[in-house]
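Coordinates in review
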Amino acid sequence: MHNSVRIADGLTYLGGNDRRIALFESAYPVPRGVSYNSYLLTDEKTVLFDTVDLSVSDLFFENLAYALDGRGLDYVVVHHMEPDHSATFARLLEKYPSVTVVTNQKVAQMLKNYFGFAGNVHLVKEGDSLSVGRRTLTFVFAPMVHWPEVMFTYVPEDGILFSADAFGTFGALPGSIFADEVDFERDFLDDARRYYFNIVGKYGVQVQNVLKKAAGLDIRLVCPLHGPVWRRDFAWYLKKYLTWSAYEPEEKCVAVFYASVYGHTQNAAEIVASAVAAEGVKVRTYDVSVTHVSELVAEAFRCSHAVFASTTYNNGIFVNMENFLGDLKAHAFQNRKYAVVENGSWAPQAGGLIEGALAPCKNLQLLGEKVTVLSAVNAESAEKLVALGKLIAQDVKAN
Ligand code: FEO
């Protein structure tokens, strides 16, 4: 049965939630599920903005038919071709064969590649407008947020921004679809940060470019493809995006990441963490073999300082730490200070390899000397670990 929500005059939410999905994009755990958002604007013309993932397609088509209330579908605007939004496109064409696809050249090529589609397309370029009655659609290109074909639509008459993946988040919608009807900071912010850094974090420059374009618009309603719709206090969320996309830390704090096989490297990492906390600086500690790497990446970007502690394994960095460092590099980790702890029972060398793994990252500063633990922490290495924790804390407080 349909379950659509009226958002504003002539605008209806048609999306749905998947709470059974284990891994978004086959990579990211989503224990709170995810929503796939789609919207219908009814003016002199009817305009659908994107479709949805296959998992919620039956509900979507019921919602669409109900919201159209017997009218035909004139336009479908395709902002982004990733299949979590476009997989139902072929079925949409079967149901609404006379619909005109409004999109850009890159999307049109992908429609051909995915579906063999070469039908009725109204191609738009950056800044083009299309009148649909009282309202006008204007198109803002947003390449690499998150794929190269991505664009936004802005409706100046009502200040509506259809923002594709931008401003989206993991987490199913609880019933309320508006950000001001949920406790976003408590219930969504961690997921929003994890979504941002893992999905589009690599493309901070491109995000900044599109935020500059959006800065000139009177935005009163933001409709993303995932997560809540923003109609109040959007400036708060926009500020997060400005911080994240500039690769600036969200908080002056320390994240301690360790890879430990029998607990001795954990012990070393926790001695550092305790020394940081003793100086009154906020610190959180993570076992990289337990916490999912998408959470580790988001946390590394949230904090101003990081500690990487790893045992030496197969003459290298312990595998889960190596994987994490690779993910940080892939997501353009930069502008942070970090410290290193290594352990090894006969040939400790993880520390130097950690520094090497992070060497391609821009503007990282190593704090202090790496601390080497031989098998287990002893009085000498404990003293060095405490000193390292104090040094990090003092640097956090000084900056
Ligand atoms: Fe939600 Fe890039 O797709």
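What counts, and where the lines are drawn
Residues numbered from 1 in each chain as written. Predicted model: local features only at pLDDT ≥ 70, side-chain atom pairs only at ≥ 80, totals over all residues. Heavy atoms only, no water. Axes fitted to C-alpha atoms, helices over the stretch in contact; angles between N-to-C directions. Helix = DSSP H or I, 4+ residues; strand = E, 2+ residues; numbered from the N terminus. Parallel < 35°, antiparallel > 145°, perpendicular 65-115°, else oblique. Left-handed = near helix turned anticlockwise from the far one by under 90°. Contact = heavy atoms within 4.5 Å. Nonpolar A, V, L, I, M, F, W, Y, C, P; charged D, E, K, R; others polar. 1 Å grid on protein atoms, 1.4 Å probe; cavity = no way out; pocket = protein on both sides within 12 Å on 5 of 7 lines; lining within 4 Å. Points joined across faces, edges and corners; volume = space filled by probe spheres on them. Domains from an automatic or database assignment. Buried area = accessible area lost by both parts, 1.4 Å probe. Salt bridge = Lys/Arg side-chain N within 4 Å of Asp/Glu carboxyl O. Polar contact = N/O pair within 3.5 Å; in protein donor to acceptor, adjacent residues only side chain to side chain. Pairing = 2+ DSSP bridges. Buried < 20%, exposed > 50% of the residue type's maximum accessible area, 1.4 Å probe, protein only. Core = buried A, V, L, I, M, F, W, Y, C linked by side-chain atoms within 4.5 Å.

Quick word on the packing of helix H6 (residues 189-200) against helix H8 (residues 234-245)
Closest axis-to-axis distance for the H6/H8 pair is 11 Å, and the angle between their directions is 40°. With respect to H8, the element H6 is oriented oblique. Crossing handedness for the pair H6 and H8: right-handed. For the pair formed by H6 and H8, the contact residues are Leu189, Ala192, Arg193, Tyr195, Tyr196 and Phe197 on the first element and Trp236, Tyr237, Lys240, Tyr241, Trp244 and Ser245 on the second. By residue class, the composition of the contact of H6 with H8 is nine nonpolar, one polar and two charged.

Regarding the layout of surface pockets
There is about 350 Å³ of room inside the largest pocket. Forming the boundary of the largest pocket are 17 residues, of which Thr311, Thr312, Gly344, Ser345 and Trp346 lie nearest the centre. Elements with a contribution of two residues or more to the lining of the largest pocket: helix H9 (264-278), strand E19 (303-313) and strand E21 (336-344). Here the lining of the largest pocket takes three residues from E19, the largest share from any one element. Put simply, the second largest pocket is a space of about 270 Å³. Surrounding the second largest pocket, 14 residues form its lining, Asp190, Asp191, Arg193, Arg194 and Glu295 being those nearest its centre. Considering only residue class, the lining of the second largest pocket consists of three nonpolar, no polar and eleven charged. Counting only domains with at least three residues in the lining of the second largest pocket, you end up with domain 1 (5-245) and domain 2 (251-394).

With respect to the domain arrangement of the protein
On domain assignment, one finds that the protein holds domain 1 (5-245) and domain 2 (251-394). Residue-level contacts link nine residues of domain 1 with ten residues of domain 2. Overall, the association of domain 1 and domain 2 removes approximately 870 Å² of surface from exposure, summing both partners, and the carbon and sulfur fraction of that is 63%. Our count for the domain 1 to domain 2 interface comes out at zero salt bridges. Remark: the boundary between domain 1 and domain 2 carries four residue pairs in polar contact (both at pLDDT 80 or more).

Notes on the sheet that holds strand E9 (residues 75-77)
Read from one edge to the other, the open sheet built from seven strands follows the order E1-E2-E7-E8-E9-E10-E11, with strand pairing classed as mixed. In this open sheet, the two edge strands, each paired with only one partner strand, are strand E1 (5-8) and strand E11 (121-123). Across this sheet, the average inter-strand angle for adjacent strands is 25°, counted without regard to direction. Against the sheet, helix H4 (residues 105-115) contacts strand E10 (100-103) and E11, and its axis sits at roughly 130° relative to E10.

Examining the pattern of salt bridges
The final tally for this structure, using the stated rule, is 24 salt bridges. Residue Asp180 pairs with Arg231 through a salt bridge whose shortest N-O separation is 2.9 Å. Highlighted residues: Asp180 in the loop between strand E15 (160-162) and helix H5 (184-187) and Arg231 in the loop between strand E16 (221-223) and H8, separated in sequence by 51 residues. Relative accessible area serves as the criterion here: at 25%, Asp180 is assigned to the partly exposed category. On the basis of relative accessibility, which here comes to 30%, the residue Arg231 falls in the partly exposed class. As a salt-bridge pair, Lys282 and Glu251 come within 3.2 Å of each other at their nearest N and O atoms. Residue Lys282 is located in the loop between H9 and strand E18 (283-287), and its partner Glu251 is located in strand E17 (residues 251-259); the two are separated by 31 residues in the primary sequence. Judged by its relative accessible area of 58%, Lys282 falls in the exposed class.

What about empty space enclosed by the protein?
A full pass over the atoms with the stated rule returns two cavities of 30 Å³ or more. Quantified by volume, the largest cavity comes out at close to 40 Å³. Around the largest cavity sit Val145, Phe152, Ala166, Phe167, Val207, Val210, Leu211, Ala214 and Tyr241, which together line it. Ranked by the residues each element gives to the lining of the largest cavity, the list is headed by helix H7 (residues 204-215), at four residues. Residue composition of the lining of the second largest cavity, by class: three nonpolar, three polar and one charged.

Describing the nonpolar core
Counting 91 residues, the largest nonpolar core has Leu64, Phe257, Phe308 and Phe324 as its most contacted members. In terms of residue count, H6 provides more of this core than any other element does, seven residues in total. Looking at which domains feed residues into this core, each of domain 1 (5-245) and domain 2 (251-394) gives three or more. Contacts of Phe308, omitting those with residues within four sequence positions, involve Phe257, Met321, Phe324, Leu325, Leu328, Phe333, Tyr338, Ala339, Val340, Val341, Ile354 and Leu358. Among the nonpolar cores identified, the runner-up in size contains 25 residues, and Leu11, Leu41, Tyr75 and Val155 belong to it.

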